[in-house]
Amino acid sequence: MSARIYSPSKTAMQSGKAKTGLWILEFDRETARTIDPLMGYTSSADPLAQIRLKFSSRDDAVAYAEKHGIAYRLDEPNQTKRRVMAYSDNFKFDRRAPWTH
């Protein structure tokens, strides 16, 4: 039984940073998913695939995994690089590409 500990990034529909400070412990799948031949539903015989534990900090998630003997891998979040640019920079004379309508 192994798990993945990660902090989810914000979705494309988010402009703020809500729900990005959480850390999630998600178990890896033990068995592959199968397709039901009658209905076409995707199912799995692994009950741990449905469990997602949420923690307020990375240390809490790691402590939980170590306390319960769960092998884990820690995925650190990528830091976003923001380019600070003013609106007036669109109309500068020394732009790389010329500005036209």
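Look above for the structure.
Treat the numbers as computed from the prediction; the structure is a model and nothing was measured. (Residues numbered from 1 in each chain as written. Predicted model: local features only at pLDDT ≥ 70, side-chain atom pairs only at ≥ 80, totals over all residues. Heavy atoms only, no water.)

## A closer look at the overall build of the protein chain
If you tally the helices and strands in the protein chain, you get one helix and six strands. From first element to last, N terminus to C terminus, the protein chain shows the α and β order β-β-β-β-β-α-β. Computed over the C-alpha atoms, the radius of gyration of the protein chain is 22 Å, more than 25% above the 13 Å expected from 2.2 N^0.38 for a compact globule of 101 residues. By its C-alpha atoms, the protein chain is 65 × 45 × 20 Å across when sized along the principal axes. By the burial criterion, 14% of the 101 residues in the protein chain qualify as buried. (Helix = DSSP H or I, 4+ residues; strand = E, 2+ residues; numbered from the N terminus. Rg over C-alpha atoms; globule rule 2.2 N^0.38 Å. Buried < 20%, exposed > 50% of the residue type's maximum accessible area, 1.4 Å probe, protein only.)

## Notes on the sheet that holds strand E1 (residues 2–6)
Pairing in this open sheet of four strands is mixed, and the strands run E5-E2-E1-E6 from one edge to the other. Looking at the sheet topology across the chains shown, the edges are occupied by strand E5 (52–55) and strand E6 (71–75). Each adjacent strand pair in this sheet contributes to an overall mean axis angle of 20°, direction not counted. Packing of helix H1 (residues 58–67) onto the sheet brings it into contact with E1, strand E2 (23–27), E5 and E6, and relative to E6 it is tilted by some 165°. (Pairing = 2+ DSSP bridges. Axes fitted to C-alpha atoms, helices over the stretch in contact; angles between N-to-C directions. Contact = heavy atoms within 4.5 Å.)

## Points about the packing of aromatic side chains
Tallied over the entire structure, the rule returns one aromatic pair. Where phenylalanine 55 meets tyrosine 64, the ring centres are 5.5 Å apart and the plane angle is 45°; that geometry is what we call tilted. Phenylalanine 55 gets classed as buried once you look at its relative accessible area, which sits at 14%. For tyrosine 64, a relative accessible area of 29% puts it in the partly exposed group. It is arginine 4 that lies over the ring of tyrosine 6; its NZ or CZ is 4.0 Å from the centre. (Phe/Tyr/Trp six-rings, centres within 6.5 Å; stacked < 30°, edge-to-face > 60°. Lys NZ or Arg CZ within 6 Å of the ring centre and 35° of its normal.)

## Quick look at the pairing of E1
Strand direction decides the pairing type here: E1 and E6, joined by five bridges, are parallel. Its bridge partner being in E6, alanine 3 is matched across the sheet by tyrosine 72. Sheet analysis places E1 next to E2, joined by four bridges and oriented antiparallel. Across the sheet, the residue bridging to alanine 3 is phenylalanine 27, located in E2.

## Observations regarding the nonpolar core
With ten residues, the main nonpolar core is built from Ala3, Ile5, Trp23, Leu25, Phe27, Phe55, Ala61, Val62, Ala65 and Ile70. Those elements giving two or more residues to this core turn out to be E1, E2 and H1. Setting aside residues no more than four positions away along its own chain, isoleucine 70 makes contact with Met1, Ser2, Ala3, Phe27, Tyr64 and Ala65. (Core = buried A, V, L, I, M, F, W, Y, C linked by side-chain atoms within 4.5 Å.)

## Description of the layout of surface pockets
One number sums up the size of the largest pocket: a volume of about 420 Å³. Here the residues of the lining of the largest pocket sort into three nonpolar, seven polar and four charged. Quantified by volume, the second largest pocket comes out at close to 280 Å³. Every residue lining the second largest pocket is listed: Arg83, Val84, Met85, Asp89, Lys92, Asp94, Arg95, Arg96 and Ala97. Here the residues of the lining of the second largest pocket are counted per class, giving three nonpolar, no polar and six charged. (1 Å grid on protein atoms, 1.4 Å probe; cavity = no way out; pocket = protein on both sides within 12 Å on 5 of 7 lines; lining within 4 Å. Points joined across faces, edges and corners; volume = space filled by probe spheres on them. Nonpolar A, V, L, I, M, F, W, Y, C, P; charged D, E, K, R; others polar.)

Purely geometric numbers; function is a separate question.
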